[in-house]
Amino acid sequence: MKTLTIPQLPMPSSRLIYGCMRISGDNSQQDREKGKRAIEAAIDEGYNHFDHADIYGGGECESIFGEVLKAQPHLRNKVLITSKAGIRFANTPVAGEVGRYDFSHNYLIKQVEGSLKRLNVDALDMFLLHRPDYLFNAEDVAHTLNELRQSGKVKHFGVSNFSASQLELLQSKMTDSLLVNQIEINIHNIDAFSNGTLDQCQQYGITPMAWCPIATVAYEAWGNTFSDEDVARIQQEYQRQADFYGCEQWVIALAWLLINPAQICPIIGSTNPERITMAKQALDLDYRHEDWYRLLEARNGHPVP
């Protein structure tokens, strides 16, 4: 496994992040055990950075990971644990409540404390604000994050799904550096290449983490706008490149992100040990600049201007 130094973290991060959103499955005992095996497979393959959120599996994904750590406490010093909060689903905590984003002080403190309990850890290596609360007061949020750090509950911070300007606003009020922006980047959603997000990451040494990195090639993209004709054209180019590089199409999708100079870290969410292993092939592809543009052209349906 190749690694990447994220400044201030206690150890280098695996370049591929293991995403724990699916490890609870239907929360049956069978699926929980499958999730534990997936975590162990990832660790065996050199993944050492695990991404969580308070809402994944209704908290059960963190609990499963916590059970692994309780059974194997020596793993805690070998892994980086990131979790997120800020999304409140409709009808929580009481019926009739609207779904919303919430960066209020008491809510964020409570959610971090809940994650710590479920994960069976004393502190998060990194805590991310999951989606920007459109009503967030940057100074108030910075105060909350500072309190979390001073209390020892969180060591470092980042954001998720923030625009460049939202990240800059929050950073302007903080004493700690924001280390990560976790955003959707894939062949369907290429906004980060042109809206300043990846430029900002490269400029300030912020690590971009890509969620849904293999959308379109392995599953339908979030909010899919591609026609059947678009998908066929993209798949044809993926297959051409997969044949050329001797791998599966979705591995090409990862290589397409890894080549970016902002040093994108794709999040791997499979619970299939074989796929967890196979994803590492993307790290060793000598992926070509011209093939990046071939896929972009296939995506757009026309050459670059």
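A. The arrangement of the overall build of the protein chain in detail. Scanning the protein chain from terminus to terminus reveals eleven helices and twelve strands. The C-alpha atoms of the protein chain give a radius of gyration of 19 Å, which matches the 19 Å a tight globule of 305 residues would have. Considered along the principal axes of its C-alpha atoms, the protein chain spans approximately 50 × 40 × 40 Å. The 305 residues of the protein chain split such that 55% are buried. A sequence separation of at least 24 residues applies to 74% of the contacts in the protein chain between residues at least 6 apart. Carbon together with sulfur atoms contributes 48% to the accessible area of the protein chain, which is approximately 14000 Å² in total. Counting 28 positive and 38 negative side-chain charges, the protein chain places the centres of these two groups 5 Å from one another.

B. Representation of the layout of surface pockets in the model. When its volume is computed, the largest pocket comes out at roughly 700 Å³. Met21, Arg22, Trp211, Cys212 and Tyr219 are, among the 28 residues lining the largest pocket, the residues nearest its centre. Its residues assigned to classes, the lining of the largest pocket shows 16 nonpolar, eight polar and four charged.

C. Structural context of the nonpolar core. Tyr18, Phe127, Leu129, Leu170 and Ile252 are the most contacted members of the largest nonpolar core, which totals 85 residues. Ranked by residue count, the leading element in this core is helix α8 (residues 249–258), at nine residues. With 17 residues, the next largest nonpolar core counts Leu9, Met209, Trp211 and Ile267 among its residues.

D. Examining unusual backbone geometry more closely. Here the bond from Thr92 into Pro93 is cis, since omega is 0 degrees, no more than 30 degrees from zero. Here Pro93 shows up in the loop between β6 (87–88) and β7 (100–101). Non-glycine residue Cys212 carries a positive phi angle of around 55 degrees. Assignment of secondary structure puts Cys212 in the loop between β11 (207–211) and α7 (228–245).

E. Representation of the environment of Arg100. With respect to the helices, strands and loops of the structure, Arg100 is situated in strand β7. For Arg100, a relative accessible area of 24% translates into the label partly exposed.

F. Expanded view of helix α5 (residues 164–172). Within α5 the residues assigned to the buried category are Ala164, Gln166, Leu167 and Leu170. Down the axis of α5, the sector holding all buried residues measures 165 degrees, keeping them to one side. Away from its buried face by more than 90 degrees, α5 exposes Ser165, Glu168 and Ser172. Next to the buried residues of α5 lie β8 (126–129), α4 (138–150), β9 (157–160), β10 (178–184) and α6 (197–204).

G. Looking closely at the packing of helix α1 (residues 29–44) against helix α2 (residues 60–71). Interhelical geometry of α1 versus α2 gives an angle of 60 degrees and a closest axis separation of 10 Å. Accordingly, the angle class assigned to the pair α1 and α2 is oblique. Note that α1 runs across α2; the crossing there is right-handed. Contact residues: α1 offers Arg32, Lys36 and Ile39, while α2 offers Glu60, Ser63, Ile64, Phe65, Glu67 and Val68. Considering only residue class, the contact of α1 with α2 consists of four nonpolar, one polar and four charged.

H. Quick peek at the sheet that holds strand β4 (residues 49–51). Pairing is parallel around the closed barrel formed by eight strands, whose spatial order is β3-β4-β5-β8-β9-β10-β11-β12. Here the strands of the sheet are splayed against their neighbours by 25 degrees on average, with no regard to which way each runs. Where β10 meets β11, five bridges bridge the pair, whose relative direction is parallel. The residue of β11 that forms the bridge with Glu184 is Trp211.

Conventions adopted
Residues numbered from 1 in each chain as written. Predicted model: local features only at pLDDT ≥ 70, side-chain atom pairs only at ≥ 80, totals over all residues. Heavy atoms only, no water. Helix = DSSP H or I, 4+ residues; strand = E, 2+ residues; numbered from the N terminus. Rg over C-alpha atoms; globule rule 2.2 N^0.38 Å. Buried < 20%, exposed > 50% of the residue type's maximum accessible area, 1.4 Å probe, protein only. Contact = heavy atoms within 4.5 Å. Areas by Shrake-Rupley, 256 points an atom, 1.4 Å probe, with all protein chains shown as cover. Lys, Arg positive; Asp, Glu negative; His and termini not counted. Charge placed at Lys NZ, Arg CZ, Asp CG, Glu CD. 1 Å grid on protein atoms, 1.4 Å probe; cavity = no way out; pocket = protein on both sides within 12 Å on 5 of 7 lines; lining within 4 Å. Points joined across faces, edges and corners; volume = space filled by probe spheres on them. Nonpolar A, V, L, I, M, F, W, Y, C, P; charged D, E, K, R; others polar. Core = buried A, V, L, I, M, F, W, Y, C linked by side-chain atoms within 4.5 Å. Arc of directions from axis to C-beta. Axes fitted to C-alpha atoms, helices over the stretch in contact; angles between N-to-C directions. Parallel < 35°, antiparallel > 145°, perpendicular 65-115°, else oblique. Left-handed = near helix turned anticlockwise from the far one by under 90°. Pairing = 2+ DSSP bridges.

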